Amino acid sequence: MMRQAGRYMSVYRKLAERYPSFRERSETTDLIVEISLQPWEAFHPDGVIIFSDILTPLPAFGVPFDIEEVRGPVIQSPIYSEEGLKSLHPIDLEKLHFVGESLRILRREVGGNTAVLGFVGAPWTIATYIVEGCTTRTYATIKSMCHTAPHVLRALLSHLTQAISDYIVFQVESGAHCIQIFDSWGGQLPPDMWERWSRPYIEEIVSIVKNKCPQTPLVLYINGNGGLLERMKATGVDVIGLDWTVDMEDGRKRLGKEISVQGNVDPACLFSPLPALTEEIQRVVKCAGRRGHILNLGHGVLVGTPEEAVAHFFEVARSLKYDTLHQDRAVDSKLVV
Ligand SMILES: O=C(O)CCc1c2[nH]c(c1CC(=O)O)Cc1[nH]c(c(CC(=O)O)c1CCC(=O)O)Cc1[nH]c(c(CC(=O)O)c1CCC(=O)O)Cc1[nH]c(c(CCC(=O)O)c1CC(=O)O)C2
């Protein structure tokens, strides 16, 4: 489940009181392992997601950042000029030793029946933070840069493409079974702009990673991806994450049978009465069909979500039987949540 660890869990909030800095919590091996295992111990999902952030690798290629309680991510020196590009350097994976160590420990801790999942941000999404300096609602600076300084933006995105590719391979070699690429803010671009400013860089990442780790499935998630589904498929990833604004059945039709899908229960549904949540999970699973569906939310668990609802989500997922959901014969297929 996306964002399955974090602020909605009381054990996490208690730990955060003792370790108030997000960077400390997400850059200390023991804490990363402990936080990653909190939802695994509480709900027994099929996958453990390393507790980290899409911004975690930034300092390893020359971009310091912090996560502030109210403002969220803050980049001390945003990059929007050729001068700013000078601070970038190739990713130094030794500076991310805690990620490698945590993935290795998680693999040992969870045994053979649980997948260990790594993730990265896509170049466009990471660039929105590096250029804007913080979370933005308008993306005005980076979008205007597409016209005022396209060469600078291209150089930044190319640098990020190489760094992120190296970082994915590092995560796989450290033990991640599967990698999700978050182009969370790709849906903020008109589709033709996404084609120019995001897709080529994701495609290059996919090609580098498929060359070095051909067995590792890659999931691509974009928030607000209704206008982009077919374009996402063309990147060559193995799984397309659907947010909840796309009907699962429509998504399936548009994407065809040969690609897998993930999603797409509305995270807000976890605030509804549990029987309504049960029905929605069953509906989504039924619409997704019998093969190649990773049951998940359409985006991360929201802050304030009742933990009982998350527990219920996993219980319902485990209880599903294809032969009762579908009239056709049951298949021996596993649900991953
Ligand atoms: O998420 C927030 O609302 C707070 C600020 C924020 C963070 N990263 C950020 C944002 C969004 C933004 O403002 O741009 C920026 C961020 N981090 C991430 C994404 C990708 C996405 O969710 O679409 C994004 C961009 C989009 C987005 O936030 O929706 C990914 C992320 N951060 C994180 C995790 C791990 C996890 O939660 O299990 C994960 C993903 C793992 C997965 O779902 O597979 C961890 C994280 N990062 C962060 C926090 C909050 C700070 C804290 O615990 O003290 C937390 C913990 C939590 O969400 O409760 C900081």
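All of these numbers come straight from a predicted model, not from anything done at the bench.

(A) Seen up close, the sheet that holds strand β1 (residues 47–49). With parallel pairing, 7 strands are arranged side by side in an open sheet as β1-β4-β5-β6-β7-β8-β9. If you trace the sheet from one side to the other, it starts and ends with β1 and β9 (293–297), each paired once. Pairs of neighbouring strands in the sheet enclose a mean axial angle of 25 degrees, with direction left out of account. Across 4 bridges, the pairing between strand β5 (residues 178–182) and strand β6 (residues 218–221) is parallel. Considered in β6, the bridge of I181 is made with L220. The strands touched by helix α8 (residues 150–174) within the sheet are β4 (115–121) and β5, with β4 carrying the most contacts at an inclination of about 170 degrees.

(B) Structural context of the domain arrangement of the chain. Here the chain is partitioned into domain 1 (10–241) and domain 2 (254–337). Each of domain 1 and domain 2 has a C-alpha centre, and these two points are 25 Å apart. Each partner contributes residues to the interface: domain 1 has 20 residues there, and domain 2 has 19 residues. Taking both partners together, domain 1 and domain 2 bury about 1800 Å²; carbon and sulfur atoms supply 53% of that area.

(C) Inspection of a negative patch on the surface at higher detail. On the surface, a cluster of negative charge is contributed by D30, E34, E41 and E109. Ranked by residue count, the leading element in the negative patch is helix α3 (residues 29–43), at 3 residues. Counting through the fold element by element, E41 comes out in helix α3. Judged by its relative accessible area of 51%, E41 is exposed.

(D) A look at the site of the ligand. Around the ligand, the surrounding shell holds 23 residues, and the nearest of these are Y12, R25, D53, Y129 and S184. Within the contact set of the ligand, an oxygen atom lies 2.9 Å away from a backbone nitrogen or oxygen of A5. Between the ligand and T135, the relevant distance is 2.6 Å, taken from an oxygen atom to a side-chain nitrogen or oxygen of the residue. Class assignment for the residues of the shell around the ligand results in 13 nonpolar, 6 polar and 4 charged.

(E) Structural detail: the packing of helix α6 (residues 123–132) against α8. As a packed pair, α6 and α8 sit with axes 9 Å apart at the nearest point and diverge in direction by 120 degrees. Overall, the two elements α6 and α8 adopt an arrangement that is oblique. With respect to the hand of their crossing, α6 and α8 are arranged in right-handed fashion. Here P123, W124, I126, A127, I130 and V131 of α6 lie close against α8, whose contacting residues are L153, L156, L157, L160, T161 and I164. A class-by-class count of the residues in the contact of α6 with α8 yields 11 nonpolar, 1 polar and no charged.

(F) Highlighting the pattern of salt bridges. Scanning the model with the defined rule gives 13 salt bridges in all. Across the pair R196 and D192 runs a salt bridge whose closest N-O atoms are separated by 2.9 Å. In this pair, R196 and D192 are both assigned in helix α9 (residues 191–197), 4 residues apart and thus about one turn of the helix distant. Taking relative accessible area as the criterion, D192 reaches 44% and is therefore assigned partly exposed. In this structure, R254 and E230 form a salt bridge, with 2.8 Å as the shortest nitrogen-oxygen distance. Of this pair, R254 sits in helix α12 (residues 248–255) while E230 sits in helix α11 (residues 229–233), and the two are 24 residues apart along the sequence. Look at R254 and you get partly exposed, because its relative accessible area is 32%.

(G) Layout of the packing of aromatic side chains. Counting across every chain of the model gives 8 aromatic pairs. On the numbers, 6.4 Å between centres and 20 degrees between planes, the contact of Y167 with F170 is stacked. In this pair, Y167 and F170 both sit in helix α8, 3 residues apart, roughly one turn of the helix. Accessibility classification places Y167 together with F170 in one group, the buried group. Between F313 and F314, the ring centres sit 5.9 Å apart and the planes meet at 80 degrees, which makes this aromatic pair edge-to-face. Here a set of aromatic residues connected by ring pairs shows up, and it is made of Y12, F22 and F51.

(H) Representation of the packing of helix α7 (residues 140–148) against α8 within the structure. Where α7 meets α8, the closest approach of the two axes is 6 Å, and the angle between their N-to-C directions is 115 degrees. On α8, the residues touching I142, M145, C146, H147 and T148 of α7 are P150, V152 and L153. In terms of residue class, the contact of α7 with α8 is made up of 6 nonpolar, 2 polar and no charged.

(I) Main features of helix α10 (residues 199–212). Across its 14 residues, α10 extends 20 Å between first and last C-alpha, which sits within 8% of the 20 Å expected from 1.5 Å per residue. Taken together, the buried residues of α10 touch α6, α8, β5, α9 and β6.

Definitions and cut-offs
Residues numbered from 1 in each chain as written. Predicted model: local features only at pLDDT ≥ 70, side-chain atom pairs only at ≥ 80, totals over all residues. Heavy atoms only, no water. Pairing = 2+ DSSP bridges. Helix = DSSP H or I, 4+ residues; strand = E, 2+ residues; numbered from the N terminus. Axes fitted to C-alpha atoms, helices over the stretch in contact; angles between N-to-C directions. Contact = heavy atoms within 4.5 Å. Domains from an automatic or database assignment. Buried area = accessible area lost by both parts, 1.4 Å probe. Patch = residues over 30% accessible without salt bridge, like charges linked within 9 Å, V, L, I, M, F, W, Y side chains within 5 Å. Areas by Shrake-Rupley, 256 points an atom, 1.4 Å probe, with all protein chains shown as cover. Salt bridge = Lys/Arg side-chain N within 4 Å of Asp/Glu carboxyl O. Lys, Arg positive; Asp, Glu negative; His and termini not counted. Charge placed at Lys NZ, Arg CZ, Asp CG, Glu CD. Buried < 20%, exposed > 50% of the residue type's maximum accessible area, 1.4 Å probe, protein only. Near = heavy atom within 4 Å. Polar contact = N/O pair within 3.5 Å; in protein donor to acceptor, adjacent residues only side chain to side chain. Nonpolar A, V, L, I, M, F, W, Y, C, P; charged D, E, K, R; others polar. Parallel < 35°, antiparallel > 145°, perpendicular 65-115°, else oblique. Left-handed = near helix turned anticlockwise from the far one by under 90°. Phe/Tyr/Trp six-rings, centres within 6.5 Å; stacked < 30°, edge-to-face > 60°. Expected span 1.5 Å × (residues − 1).

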